[in-house]
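In case you want the letters, here they are:
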Amino acid sequence: MTFDRLSIPQRLPAPKPPWHQVLVKSFLREKRSPENPQIFRSCKFKNNISADIAKANASAILNRPAVERIHMQEQAVFTQKTEPVPPTGRFAPSPSGRLHLGNLACSLLAWLSAKSQGGRIVLRIEDLDAERCPRVYADLLEQDLAWLGLTWDEGGSTGGAHAPYYQSECGDIYTESYRKLEQRGLVYPCFCSRSQLHAASAPHTSDGNVIYPGTCRGLTPEEIAEKRKKKAPAYRLMVPDEEITFTDGCMGTHTENLLRDCGDFYLRRADGVFAYQLAVVVDDARMGVTEVVRGADLLSSTARQLYLYRLLGLQPPRFAHCPLLLAADGRRLSKRDGDQSLENLRAKYTAPEIIGKLAFAYGLQPEPAPRTPESLVPDFAWTKVPKQDICLPEGLF
């Protein structure tokens, strides 16, 4: 007789749920002798099947090799297919001014990516530098997103289970993670000035960012004490000579060497404000964010953030970096220059007109016809989004 499936008299239909699965799981869980009557009182036998037969069959199962019993238990437990968990995306704007078209494009793509998978959106206000990011801009930002139909499920002034949602209120939270890195001896003070960092002799990436050469990494305690007399230091995280590779949802496979392509990076400024790299990792993890959609200008930050996720023992999200939206002359759109700010756009266009024009620019529809965000959800796919930066066609806005 085999016990891959316990034998049941042919004249009787198999009950639902199968009684033998209940019996097997009960025995493997409680690991008691089949002679213990407490177990059999908890099992409901149907159709007058003898408890003695059940005892004998269960005893035979328990006498089988452990590997076979574990396999039978796995078959009993994993009988249902697991469905993919809908993602949690986020808007994470910095309220240093009114939103411009580039900000709106990233927000639209983040919203569409999450909603097309049945997911939700968190709104986080990245106002680390509170002086540059007055609350009035954060309030206007919420009004603009709501007017466009890009609603969120938690966060911002709405609040929610993962508050606070304003980074300016999260200093104690960031300090806790910062201390963990500090206690591991991975943080050191840096006294380099901005002019020193941007000197022509300093290594730069192709897009002009400075790769820190490690000038202050090897300072002795005496040297640090002497330099503190003249200047308060910023603090950097040591990185190893290691390549980090990840697959971006829009840009594909991307690899960076932490030491040669990034260098030791800031965790905290000299004035005590925590750096973006640490704050965004801590916040995305504690808010349960599983999908990050943002501009391609932040693609080079991802390797550093993945390294921080690992050091802090946190689960990283998936990333998708969308191409930047450029002015017709090729310039990057800027809040400082007032490029196509929503304040001006709202005076000229309706919300569906703005959404439709952005969808057209990003390849989500063949013409710049008015659309609502909801109407774009069924046909959204990252394969439609270009990988190169997008110049706004003349006259589109």
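The numbers attached to residues start from 1 for each chain and follow its sequence in the written order. Only residues with pLDDT of at least 70 are given local features in this predicted model, and only at 80 or more are side-chain atom pairs given and counted; all residues enter the totals for whole chains, interfaces and linings. Side-chain measures here rest on the full set of heavy atoms in the structure, leaving out hydrogens and waters.

With that out of the way, let us pick up the confidence of the model for the chain. Summing up the model confidence of the chain, the mean pLDDT is 83 and the portion of residues at 70 or higher is 76%. The predictor reports its confidence for every residue as pLDDT, a score running from 0 up to 100. Contacts were defined at the residue level, with two residues in contact if any of their heavy atoms lie within 4.5 Å. Contacts of residues 1-51 to residues separated by more than four positions or lying in other chains number 55 contacts, the stretch itself having pLDDT below 50. Confidence drops under a pLDDT of 50 for residues 69-80, and excluding neighbours within four residues, the segment shows 12 contacts in the predicted structure.

Geometrically, a pair of aromatic rings is defined through the distance of the ring centres and the angle of the planes. For Phe, Tyr and Trp, where Trp contributes only its six-membered ring, two rings pair if their centres lie within 6.5 Å, and the inter-plane angle classes them as stacked under 30 degrees, edge-to-face over 60, or tilted in between. Per the stated rule, a full pass over the model turns up 6 aromatic pairs. For the ring pair Tyr178 and Tyr235, a centre distance of 6.4 Å and an interplane angle of 85° mean the geometry is edge-to-face. Here the residue Tyr178 occupies a position in helix H7 (residues 171-183), and Tyr235 occupies one in strand E5 (residues 234-237), the gap between them amounting to 57 residues. The burial state of Tyr178 is the same as that of Tyr235; both residues are buried. Here a set of aromatic residues connected by ring pairs shows up, and it is made of Tyr174, Tyr178, Tyr235 and Phe274. Only when the NZ atom of a Lys or the CZ atom of an Arg is both within 6 Å of the ring centre and within 35 degrees of the ring normal do we say a charge sits over the ring. Directly above the aromatic system of Tyr266 lies the positively charged group of Arg236, at a separation of 4.0 Å from the ring centroid. Working definition: helices are DSSP H or I runs of at least four residues, strands are E runs of at least two. Numbering for both runs from the N terminus. Under the scheme applied here, a residue whose accessible area is under 20% of the maximum for its type counts as buried, over 50% as exposed, and between as partly exposed, the area being computed with a 1.4 Å probe on protein chains only.

The next subject is unusual backbone geometry. Trans peptide bonds make up most of the peptide bonds, and negative phi angles are found at most residues other than glycine. For the peptide bond that leads from Ala163 to Pro164, omega is 0°, which places it in the cis range. Relative to the helices and strands, Pro164 resides in the loop between strand E3 (154-155) and H7.

Of all the 5 residues making up strand E10 (residues 318-322), 4 are buried; the element is thus mostly covered by neighbouring parts of the structure. Here 5 bridges tie strand E9 (residues 291-295) to E10, and the two strands are oriented parallel to one another. If you follow Gly295 over to E10, its bridge partner there is Cys322. What joins E9 to E10 is helix H12 (residues 302-312), and the crossover it makes is right-handed. A pair of strands is considered paired only if DSSP assigns at least 2 bridges between the two. With the strands aimed away from the viewer, a crossover counts as right-handed if its path from the first strand over the helix to the second runs clockwise.

With respect to burial, helix H14 (residues 351-361) is a largely interior element, 8 of its 11 residues being buried. Residues of H14 that are buried include every one of Ala351, Ile354, Ile355, Gly356, Lys357, Leu358, Ala359 and Ala361, and no others. Each element contacted by the buried residues of H14 is listed here: helix H5 (101-115), helix H6 (135-148), strand E11 (325-326), helix H13 (342-348), helix H15 (373-376) and strand E12 (390-391). A positive backbone phi angle near 75° is found at Gly363, which sits one or two residues after H14.

A few words now on the sheet that holds E5. Spatially, 3 strands are ordered E4-E5-E8 in an open sheet, and the strand pairing comes out antiparallel. Looking at strand neighbours, the two that pair on one side only are strand E4 (187-190) and strand E8 (265-268), the edges of this open sheet. Averaged over all neighbouring strand pairs, the angle between strand axes comes to 50°, with direction disregarded. Bridge count for E4 against E5 is 4 bridges, and the pairing is antiparallel. Looking at E5, one finds that Tyr188 is bridged to Arg236. A fitted line through C-alpha atoms serves as each axis, taken over the contacting stretch for helices, and the angle formed by two N-to-C directions is quoted from 0 to 180°.

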